[in-house]
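Here's the letter readout for the chains.
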Amino acid sequence: MNEVYEFNWVEVADYDEMSRLAAELFEQQVNKKPDSVLGLATGASPIGFYRNLVDRYVKGRISFANVQTFNLDEYTGLEFSHPTSFYSYMEEHLFTKVDLPAIHRHLPDGEAANLNEECVRYERVIRESGGIDIQLLGIGVNGHIGFNEPGTPFHSRTHIVKLAESTRARNAKYFPSAEEFPRQAITMGIQTILEAKKIILLAFGEEKTEAIERLRSGNVSKDFPASCLHRHSNVTVLYGK
Ligand code: F6R
């Protein structure tokens, strides 16, 4: 881990500004290095960001032809095509709308016969790609990043997680019934995330205020996973309410 750290805090006026600034940072990255490796997230926070990226693609400002993407996480036991899988989310918001080749789109395979082996494979493919140039993150109200819930060791790599009750409660709305909500997911670990060269964290809305204040306090503890970002040298937080 890097001992020298610096946080770039950018307060945005609204969700659209956050989305635009994040898309701008990704556009700069890809235009500087067309075969960039992008780390991506799902959830409510990045929807506007993806809309913005697609818009830039349509206007010919960015091409994903040589890019590779790695998503942070995926539920286990859901088919790729299940409407609430993160794969479906990515298809809806990005994959089917830009020129990113199918073989360059990577998510953990939550349906793999051997989930432990899948975690090892995912780490290997990230490594073989040359590593993540820029990683997008959201933040949970409990400070989770990816599905790294409070208590996750900072040295963790891609692993299987049991989802916290608060995360289940928050995401259950995307599923027809609480019983159908997966109990587990595969997520990049904290160390995996920290190895990205740049990190962009999006946090918008009142409900994220407390988490952002906690992150700003600078206290580093595994009880608040996002605090690990103080051990990274290139983090930009785009936040607002
Ligand atoms: C999503 C992910 C999660 C979310 C976080 C915030 O791939 O890994 O950590 O980023 O739960 O979710 P939203 O943006 O829906 O508030």
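Residues numbered from 1 in each chain as written. Predicted model: local features only at pLDDT ≥ 70, side-chain atom pairs only at ≥ 80, totals over all residues. Heavy atoms only, no water.

Draft legend 1. Expanded view of the confidence of the model for the protein chain. Within the protein chain, residue pLDDT values average 94, and 98% of them lie at 70 or more. The least confident element of the protein chain is helix α5 (residues 165-171), whose mean pLDDT is 78; the most confident is strand β2 (residues 37-40), at 99. (pLDDT = per-residue confidence, 0-100. Helix = DSSP H or I, 4+ residues; strand = E, 2+ residues; numbered from the N terminus.)

Draft legend 2. Local environment of the nonpolar core. Within the largest apolar cluster, 69 residues are counted, with the highest numbers of intra-cluster contacts made by Phe26, Phe49, Tyr75, Leu94, Leu201 and Leu229. Per-element tally for this core: the top contributor is helix α1 (residues 15-32), with six residues. Other than its neighbours up to four places away in sequence, tyrosine 75 contacts Thr84, Phe86, Gly110, Phe147, Leu163, Asn171, Phe175, Phe181, Pro182, Gln184 and Ala185. (Core = buried A, V, L, I, M, F, W, Y, C linked by side-chain atoms within 4.5 Å. Buried < 20%, exposed > 50% of the residue type's maximum accessible area, 1.4 Å probe, protein only. Contact = heavy atoms within 4.5 Å.)

Draft legend 3. Molecular detail of the site of the ligand. Around the ligand there are 13 residues in total, and Ser45, Asp73, His144, Arg170 and Lys208 lie nearest to it. Contact between the ligand and threonine 42: an oxygen atom at 2.9 Å from a side-chain N or O atom of the residue. Residue glycine 138 places a main-chain N or O atom 3.5 Å away from an oxygen atom belonging to the ligand. For the shell around the ligand, a count of residues per class yields four nonpolar, six polar and three charged. (Near = heavy atom within 4 Å. Polar contact = N/O pair within 3.5 Å; in protein donor to acceptor, adjacent residues only side chain to side chain. Nonpolar A, V, L, I, M, F, W, Y, C, P; charged D, E, K, R; others polar.)

Draft legend 4. Seen up close, empty space enclosed by the protein. Inspection of the entire model under this criterion finds one cavity of 30 Å³ or more. In this structure, the largest cavity encloses a volume near 30 Å³. In terms of lining, the largest cavity is formed by Gly140, Val141, Asn142, His144, Ser166, Thr167 and Arg170. Residue classes in the lining of the largest cavity are distributed as one nonpolar, five polar and one charged. (1 Å grid on protein atoms, 1.4 Å probe; cavity = no way out; pocket = protein on both sides within 12 Å on 5 of 7 lines; lining within 4 Å. Points joined across faces, edges and corners; volume = space filled by probe spheres on them.)

Draft legend 5. Up close: the pattern of salt bridges. Inspection of every chain in the model, using the stated rule, returns 11 salt bridges. One salt bridge in this structure joins arginine 157 and glutamate 123, with 3.0 Å as the shortest N-O distance. Of this pair, arginine 157 sits in the loop between β6 (134-137) and β7 (159-162) while glutamate 123 sits in helix α4 (residues 115-128); the two residues are 34 residues apart in sequence, bridging distant segments of the chain. On the accessibility criterion, arginine 157 (35% relative accessible area) is partly exposed. Taking the relative accessible area as the measure of exposure, glutamate 123 reaches 10% and is therefore buried. Here glutamate 128 ties to arginine 124 by a salt bridge, and the two come within 3.5 Å at their closest N and O atoms. Residue glutamate 128 and its partner arginine 124 are located together in helix α4, separated by four residues, close to a single helical turn. (Salt bridge = Lys/Arg side-chain N within 4 Å of Asp/Glu carboxyl O.)

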